[in-house]
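What follows is the residue order along each chain.
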Amino acid sequence: MEVTILGTGTATPALERNASGIAVRAADLLILVDMGPGTLRRMMEAGIDTRLVDAILVTHFHPDHVSDLVPFLFASNYAFGPVREEAFHLIGPEGLEQYFSGLVAVYNDWIVPRGNRLIKREMNSRKRDRLRIGRAEIHSAPSVHTGASLHYRIDADGASVTVSGDTDVSEALVELAAQSDILICECSLPDGHKVLGHLVPSEAGRIASRAGVGKLALTHFYPPCEEVDVVAQAARTFSGKIVRAEDLMVIRP
Ligand SMILES: [Zn+2]
Ligand SMILES: [Zn+2]
């Protein structure tokens, strides 16, 4: 399993921190978790072929997590060179079908992959859910952010990575991430600057501790996080390995 961080930023435009996106390569699959604006460019910078995406897991429908879906779908019909012919999956919380219909209402069939290649699946957004793609097991659980927003866990190749998505303190995340090799956890603002619907580093650390994860990667940084040592703040509550994620960082179990 190999995890490439494509974006560690937020709704605030930032040169060094693209909006949210993560690529997971495992079990001969390429799985994206979120694709905020700029994700496709970051994939190219990371040497990841944008035509090889097997599945896109959307945590929620805030634009900083999902807006590169439009150019991705558009390119799936018009990309130069060999175009992916196999089907690919678009997975998200309840509201995915409505979101997709809304995109089609705006962009028409230009963004509908031809030949029934797009397989959509809404995960239950009120309790744990799961599905299997190839040799990867994908689990979801409701996060504490919008009405329908999810955490994801991917188990494959004998390893596991859990992605918080945007969230406030979440018992479902503690349970979902149990014994994960990697927890990629949002920490939007530093300790002392808590806002509802998001975490601060010491809260992310406490979740990592309680879940017993192997490694905690902090991400989703609003600008105030640049002024402090978020790793030190998370280390107050988690004694395991902590990394401050950067765009294009590769993390292995
Ligand atoms: Zn966000
Ligand atoms: Zn959000």
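Located above this text is the structure these notes cover.
As a starting point, this report considers the structure included with it. (Residues numbered from 1 in each chain as written. Chains lettered and ligands numbered in written order. Predicted model: local features only at pLDDT ≥ 70, side-chain atom pairs only at ≥ 80, totals over all residues. Heavy atoms only, no water.)

### Considerations on the coordination of the zinc ion (ligand 2)
The condition that has to hold: Keep in mind that water is not among the atoms, so a site may look incomplete; donors are the N, O and S atoms within 2.8 Å of the metal, or 3.2 Å for Na, K and Ca. Put simply, DSSP marks the helices as runs of H or I at least four residues long and the strands as runs of E at least two long, and each gets a number from the N terminus on.
Donor atoms from the polypeptide that bind the zinc ion (ligand 2) are H60 (NE2), H62 (ND1), H145 (NE2) and D166 (OD), placed at 2.2 to 2.3 Å. Positions of the donor residues of the zinc ion (ligand 2) along the chain correspond to the pattern H-x1-H-x82-H-x20-D. Between the two metals, the zinc ion (ligand 2) and the zinc ion (ligand 1), the spacing is 3.5 Å, and D166 donates to both. With H145 in the loop between β8 (136-142) and β9 (150-156) and D166 in the loop between β10 (159-163) and α5 (171-176), this residue pair connects regions lying 21 residues apart in the sequence.

### What to know about the sheet that holds β10
Basically, it comes down to this: At least two DSSP bridges between two strands are needed for those strands to be called paired. Axis geometry follows a simple rule: fit a line to the C-alpha atoms, using only the stretch in contact for helices, then measure angles between N-to-C directions, giving values from 0 to 180 degrees.
Spatially, β7-β8-β9-β10-β11-β12-β13 is the arrangement adopted by the seven strands of the open sheet, whose pairing is mixed. In this open sheet, the two edge strands, each paired with only one partner strand, are β7 (129-133) and β13 (241-244). Taking the axes of each pair of neighbouring strands and ignoring which way they run, one obtains an average angle of 15° across the sheet. Where β9 and β10 come together, five bridges link them in antiparallel fashion. Within β10, the residue paired with R153 across the bridge is T162.

### Topic: a nonpolar patch on the surface
Cut-off, in case you're wondering: Patch definition: residues above 30% relative accessible area lacking any salt bridge, with like charges linked at up to 9 Å and the nonpolar side chains Val, Leu, Ile, Met, Phe, Trp and Tyr linked at up to 5 Å. Only the protein chains shown count as cover for residues, with accessible areas throughout obtained via the Shrake-Rupley method and a probe of 1.4 Å. Whenever Lys or Arg places a side-chain nitrogen within 4 Å of a carboxyl oxygen from Asp or Glu, that contact is recorded as a salt bridge. Burial classes: relative accessible area under 20% of the type maximum marks a residue as buried, over 50% as exposed, and values in between as partly exposed (1.4 Å probe, protein chains only).
Taken together, the side chains of F74, Y78 and W110 present a nonpolar region at the surface, about 340 Å² in accessible area. If you trace the backbone, F74 turns up in helix α3 (residues 69-78). For F74, a relative accessible area of 39% puts it in the partly exposed group.

### Points about the nonpolar core
Where we set the bar: Residues belong to one nonpolar core when they are buried, are Ala, Val, Leu, Ile, Met, Phe, Trp, Tyr or Cys, and are joined through side-chain atoms within 4.5 Å.
Counting residues in hydrophobic clusters, the biggest one holds 31 residues, and the most contacted among them are V3, I31, I154, V161 and I184. By residue number, the principal contributor to this core is β9, which donates four residues.

### Let's talk about the coordination of the zinc ion (ligand 1)
This is how the line gets drawn: Site shape is set this way: if four donors have all angles between 85 and 135 degrees, tetrahedral; if opposite donors are over 155 degrees apart and all others between 65 and 115, square planar for four donors and octahedral for six; otherwise irregular.
With distances of 2.1 to 2.4 Å, the protein atoms coordinating the zinc ion (ligand 1) are D64 (OD), H65 (NE2), D166 (OD) and H220 (NE2). In this structure, the zinc ion (ligand 1) is coordinated by four donor atoms arranged in irregular fashion, with angles at the metal of 90 to 158°. Sequence spacing of the donors to the zinc ion (ligand 1): D-H-x100-D-x53-H.

### What about helix α6 (residues 201-211)?
Going by this rule: Any two residues having at least one pair of non-hydrogen atoms within 4.5 Å are treated as being in contact.
Burial within α6 is extensive, with eight of its eleven residues counted as buried. The secondary structure elements touched by the buried residues of α6 are α5, β11 (182-186), β12 (215-219) and α7 (230-235). Looking at the residues trailing α6, positive phi occurs at G212, about 65°.

### What to know about the pairing of β12
Where we set the bar: A crossover counts as right-handed when, viewed with the strands pointing away from the observer, the path leading from the first strand over the helix to the second turns clockwise.
Of all the five residues making up β12, five are buried; the element is thus mostly covered by neighbouring parts of the structure. Of the two faces of β12, the one carrying K215, A217 and T219 and the one carrying L216 and L218 are both buried. The pairing of β11 with β12 spans five bridges and is parallel. Bridging across to β12, I184 finds its partner in A217. Direction of pairing for β12 relative to β13: parallel, over a ladder of four bridges. Across the sheet, the residue bridging to A217 is V243, located in β13. Between β12 and its parallel partner β13, the chain crosses via α7, and the hand of that crossover is right-handed.

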